[in-house]
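Survey of secondary and tertiary structure
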Amino acid sequence: MESSEIKRKTKLSKDTKKQYVAAYLFLLPWLIGFLGLVLGPMISSLYLSFTRFDLLNTPEWIGFANYQEMFQDDRWLASAKVTLTFVFIAVPTQLIAALLVAVLLNKKMAGVGFYRTTYYLPSLLGGSVAIAILWKNLFEIDGLVNQVLAFFHIEGQGWISHPDYALGTIIILATWQFGASMVIFLAGLKQIPKELYEAAAVDGGTKCQIFFRVTLPLLSPVIFFNLIIELIKSIQVFTSAFIISEGTGGPINSTLFYTLYLYQKGFTHFEMGYASAMAWILVFVLGVMTLVIFFSSKYWVHYEDGGKL
Amino acid sequence: MKNWYLYFVLALLAVVTIACSSDSANEETEDTSSNDGQEQTDEENITLRVAWWGGQERHDRTLQVIEMYEEQNPNVTIEAEYSGFDGYFDKLNTQLAAGNAPDVIQFGGNLNDFVYRDVILPLDDYVGNQLNTSLHDQSMLDSATFDGKLYGVTLGTTAWGILVNKTLFEEAGVALPSKEWTWDEFKDLTPQLTENLDGAYGTGDFGEDGFGVFLAQRDKFTYLDGEIGFEAQDVKDWFNLWKELRESGGAAIPEVQVSASQTPEQSLIVQQDVAIESIASNQLGAYAGATEDEFELYPYPYNAETGKNGVSLRPSQYFAAYKDTPHPEEAAKFMDFFVNNIEATEVLGNDRGAPVNSDVRKNLIDQADEMDQAVYSYIDLVSESSDAPYIPNLPGYNENTQLFTETEQKIYYDQQSVDEAADSYYEEVIANIDKYVNEAAE
């Protein structure tokens, strides 16, 4: 190995070598970060998931007990249900909203830049604590939403304090933050060749037909991309639920997102082993969902070049 | 590709070096401090981290005392780490796990959970040297003693009480009750308040703390010395009492109750959502400071059968030291200053409860304003009339408190009947306690 190494090295010209060194030097910060902040913690959390670990004392090996316990834990089941409900509602509504607004903003009109910025702004503020607090105040029993409803003589609810509605407010918050996907959709729309629209118009296609037969298929790679990104983002949602329910996931676990329960287990109930096991289940489920979407993609994602990029 | 491997190893080495160097730095500081610790010289510069939670009022007062301490001890720099109650213990747990906890830490009734987990420094070596406890109430010292060792300094004495919003009572035209009121009077009074107030309810739910008092009124208790002191029936009776109060219109509707916040500023009674709420007596100042309304402290309604009000004196909070603090003597010295120094305690007042040092308490009573007098006279009233022992928090405090709230909410929103909810609460609370106590025993 050593000799081949040397041979290879001698073959490289001085310049190339310098470039290599420079490249690795520039990579180093990322590499250190990756090893220290991603790979290291991942390996230790995998180990911890097989232990009972109260954060403060030495972990004790218990095999698969944490994983077994999960399926008998009502709160774990509740948290899985809350998260899946959220994903299945928030992701599609957010993407549809993003797409519709993107189509509207793709038109030539006065002040389009202003509108684009306005719609993008919420997702910039995205996961911030301030927005979550604002949301909480909006939907509280004497909040702005109810005041507006009262103006129309509708009696409001304690939206965030009622278990039937609390999750809904967080879904609305997520939908409202469609800006990031919208920008990507906009970019995708710009890529669609004008000739296709002209040809479709000449053939007498209605606006609706053109949208479904031309725009959507040509946009499908972008939809695919946004779908994956939003899926990953929303399955990990945490801040809004944490702030709005003051860390409890209440009322009655109605906003007990998976990550929130994981956090509670790890940091408030001193069960870091269990929390680690939960994290690995999350990784697994997320991986499976992503794979399913990837495999399904060949049936609905159309690349102009036939996917042979 | 082999080059890549080489650099991979290099990078790994770099990580290891960085990690090691920070470790050795830590060791160094620890070493020097433990060597010099015995014979501290004034030149030695020490940084002491102190953590607490509280409202704005408490932050201001505590920071002022810290400044005083720094002035008198120029070699000491104190880093204050303060926050609201939300998230305080989550952060602390993380710091403890990382071996990076503050030197002096404020705990509540959950001190026991941390002593069990062996992260608190026993103070016995410092008592009589840096820390003087000779004038402290014995019961408060006992409350911080586990297995014969003292683990914390009690920052104040408090007692559960009922906060009555006099302003709302006047608005409703309802006469203030006598201080020896019963639950029956309470049940009569609260619907009247709701009826005569616009958009406010008679009372907020007294919650888990109230349940503890309710048990004491029946000569029972939650958990003491390894023993459960109540039955599922007691839980049912408590939840039925509140169900009845909600049905009569006396207690706040679920949606209002659930939106209640822990901070005095956002509490239901300060927001004029309810006219009565259960608080710890040391909080009176914080509640009163957050509004123009006039408040008065009442003892809990009496149990007519046993004639007990079930309220006992209890430690409000503790200062305890982190087991691995590099400056144990300095930490003890700071705690001593905090509870025994006359000027410091004058600044602190009774924000964390009535002082446990009898000299300090006398001094404070002498110069107390009206609000503080009210707190002291309430503590006096309780100490005279106290008919219940001090019961520490349940082991596994965080988990059990969450369980209690969840159970309440299941009843609020008719997801479970009182009987079902109480039964499953009882079962689960026992399982939780077992888990914590057994784990600690291991």
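Worth saying up front: this structure is predicted, and the values here are computed from it rather than measured.

This part is about the overall build of chain B. In terms of regular secondary structure, chain B is built from 17 helices and 15 strands. Per-residue burial for chain B yields a buried fraction of 54% across its 442 residues. Taking all contacts inside chain B whose residues are at least 6 apart in sequence as the whole, residues at least 24 apart take part in 76%. Put simply, chain B shows about 19,100 Å² of open surface, and 46% of that area lies on carbon and sulfur atoms.

With that out of the way, let us pick up the overall build of chain A. A tally of helices and strands in chain A yields 14 helices and 2 strands. What you see for chain A is a C-alpha radius of gyration of 25 Å, clearly larger than the 19 Å of a compact globule of 309 residues, by over 25%. Taking the principal axes of the C-alpha coordinates as reference, chain A spans close to 70 × 60 × 35 Å. Considering only residue pairs separated by 6 or more positions, chain A has 67% of its internal contacts joining residues 24 or more positions apart. Within the structure as shown, chain A displays about 17,500 Å² of accessible surface, and the carbon and sulfur contribution to it stands at 69%. Within chain A, one finds 22 positive and 20 negative side-chain charges whose respective centroids are separated by 14 Å.

Before going further, it helps to spend a moment on the environment of Leu256 of chain A. Residue and element names in this part refer to chain A. Among the structural elements, Leu256 can be located in the loop between helix H12 (239-244) and helix H13 (258-268). According to the relative accessible area criterion, Leu256 is buried, its value standing at 0%. In this structure, the C-alpha to C-alpha distance between Leu256 and Ser234, residues 22 residues apart in sequence, is 14 Å. With residues up to four places along the chain from it excluded, the contact list for Leu256 reads Arg75, Ser79, Val82, Thr248, Gly249, Tyr261 and Gln264.

All names here are of chain B. Residues of chain B with pLDDT of at least 70 account for 89%, and the chain-wide mean is 84. When pLDDT is averaged over each helix and strand of chain B, the minimum, 48, is found for helix H1 (residues 2-36) and the maximum, 94, for strand E3 (residues 104-107). Across residues 16-40, confidence stays below pLDDT 50; counting only partners more than four residues off in sequence or on other chains, it has 10 contacts.

Moving on, we come to the environment of Tyr197 of chain A. For Tyr197 of chain A, the location among the structural elements is in helix H10 (residues 194-202). At a separation of 2.9 Å, a polar atom in the side chain of Tyr197 of chain A contacts the side chain of Thr215 of chain A.

This next bit is on the domain arrangement of chain B. Frequently, the measure chosen for interface size is the accessible area that the parts lose on association. All names here are of chain B. As far as domains go, chain B holds domain 1 (46-156 + 316-356) and domain 2 (158-313 + 391-441). The interface of domain 1 with domain 2 comprises 17 residues on the first partner and 14 residues on the second. Taken together, both faces of the contact between domain 1 and domain 2 bury some 1,300 Å²; the carbon and sulfur share is 48%. On the domain 1 side of the interface with domain 2, the three residues burying the most area are Asp113, Tyr116 and Arg117, jointly 29% of the side's total. For the interface between domain 1 and domain 2, the tally reads 0 salt bridges. Remark: the boundary between domain 1 and domain 2 carries 5 residue pairs in polar contact (both at pLDDT 80 or more). Elements with a minimum of two residues in the side of domain 1 that touches domain 2: helix H2 (56-72) and helix H4 (111-116). Top element by residues in the side of domain 1 that touches domain 2 is H4. It accounts for 3 residues. Classifying every residue of the side of domain 1 that touches domain 2 gives 3 nonpolar, 8 polar and 6 charged.

A separate point is the sheet that holds strand E13 (residues 295-298) of chain B. Pairing between sheet strands relies on hydrogen bonds along the backbone, with the strands arranged either parallel or antiparallel. Residues and elements named next belong to chain B. Taking strand neighbours across the sheet as the criterion, the 4 strands line up as E9-E12-E8-E13 in an open arrangement whose pairing is mixed. Each having just a single partner strand, strand E9 (201-203) and E13 make up the two edges of the open sheet. Shown here is a sheet whose adjacent strand axes are inclined to one another by a mean of 30°, direction ignored. Taken together, the 2 bridges between E9 and strand E12 (residues 274-280) define a ladder with parallel strand orientation.

Here we come to the packing of aromatic side chains. Residue and element names in this part refer to chain A. For the coordinates displayed, the defined rule picks out 57 aromatic pairs over all chains. With a centroid separation of 5.0 Å and an interplanar angle of 85°, the aromatic rings of Phe86 and Phe257 are classed as edge-to-face. Of the two residues, Phe86 sits in helix H4 (residues 74-105) while Phe257 sits in the loop between H12 and H13, which places them 171 residues apart along the sequence. Side by side, Phe86 and Phe257 carry an identical accessibility label, which is buried. Look at Phe238 and Phe242: their rings are 5.3 Å apart centre to centre, the planes differ by 25°, and that puts the pair in the stacked class.

Turning next to the sheet that holds strand E1 (residues 46-53) of chain B. Residue and element names in this part refer to chain B. Taken together, 5 strands build an open sheet; the order of strands is E2-E1-E3-E15-E6 and the sheet is mixed. Across the chains shown, the open sheet's two edge strands, defined by having one partner strand only, are strand E2 (76-83) and strand E6 (153-154). When E3 meets strand E15 (residues 318-321), the two strands line up antiparallel, connected through 4 bridges. In the sheet register, Phe107 faces E15, and the bridge partner there is Tyr318. Contacting E1, E2 and E3, H2 crosses the sheet at an angle of about 170° to E2. Against the sheet, helix H12 (residues 328-340) engages E1, E2, E3, E6 and E15, with an angle of about 170° to E15.

A surface patch of nonpolar side chains, about 750 Å² in accessible area, is lined by Leu27, Trp30, Phe34, Leu37, Val38, Leu39, Met42 and Ile43 of chain A. For Trp30 of chain A, the position within the fold is in helix H2 (residues 14-48).

Turning our eyes to something else, we now look at the side chain of Thr182 of chain B. For Thr182 of chain B, the location among the structural elements is in the loop between helix H6 (166-172) and helix H7 (183-196). Sequence-distant contacts of Thr182 of chain B, defined by excluding residues within four places in its chain, comprise Pro301 and Tyr302 of chain B.

Quick look at the nonpolar core now. Counting 70 residues, the largest nonpolar core has Phe206, Trp238 and Ile276 of chain B as its most contacted members. One finds Phe89, Ile105, Ala144 and Ala320 of chain B within the second-largest nonpolar core, a separate group that totals 58 residues.

All names here are of chain B. Applying the stated criterion to the full structure yields 26 salt bridges over all chains. The residue Asp234 makes a salt bridge to Lys220 at a minimum N-O spacing of 3.1 Å. With Asp234 in helix H9 (residues 232-247) and Lys220 in the loop between helix H8 (207-217) and strand E10 (223-224), this residue pair connects regions lying 14 residues apart in the sequence. Given a relative accessible area of 2%, Asp234 falls into the buried group.

Rules behind the numbers
- Residues numbered from 1 in each chain as written.
- Chains lettered and ligands numbered in written order.
- Predicted model: local features only at pLDDT ≥ 70, side-chain atom pairs only at ≥ 80, totals over all residues.
- Heavy atoms only, no water.
- Helix = DSSP H or I, 4+ residues; strand = E, 2+ residues; numbered from the N terminus.
- Buried < 20%, exposed > 50% of the residue type's maximum accessible area, 1.4 Å probe, protein only.
- Contact = heavy atoms within 4.5 Å.
- Areas by Shrake-Rupley, 256 points an atom, 1.4 Å probe, with all protein chains shown as cover.
- Rg over C-alpha atoms; globule rule 2.2 N^0.38 Å.
- Lys, Arg positive; Asp, Glu negative; His and termini not counted.
- Charge placed at Lys NZ, Arg CZ, Asp CG, Glu CD.
- pLDDT = per-residue confidence, 0-100.
- Polar contact = N/O pair within 3.5 Å; in protein donor to acceptor, adjacent residues only side chain to side chain.
- Domains from an automatic or database assignment.
- Buried area = accessible area lost by both parts, 1.4 Å probe.
- Salt bridge = Lys/Arg side-chain N within 4 Å of Asp/Glu carboxyl O.
- Nonpolar A, V, L, I, M, F, W, Y, C, P; charged D, E, K, R; others polar.
- Pairing = 2+ DSSP bridges.
- Axes fitted to C-alpha atoms, helices over the stretch in contact; angles between N-to-C directions.
- Phe/Tyr/Trp six-rings, centres within 6.5 Å; stacked < 30°, edge-to-face > 60°.
- Patch = residues over 30% accessible without salt bridge, like charges linked within 9 Å, V, L, I, M, F, W, Y side chains within 5 Å.
- Core = buried A, V, L, I, M, F, W, Y, C linked by side-chain atoms within 4.5 Å.

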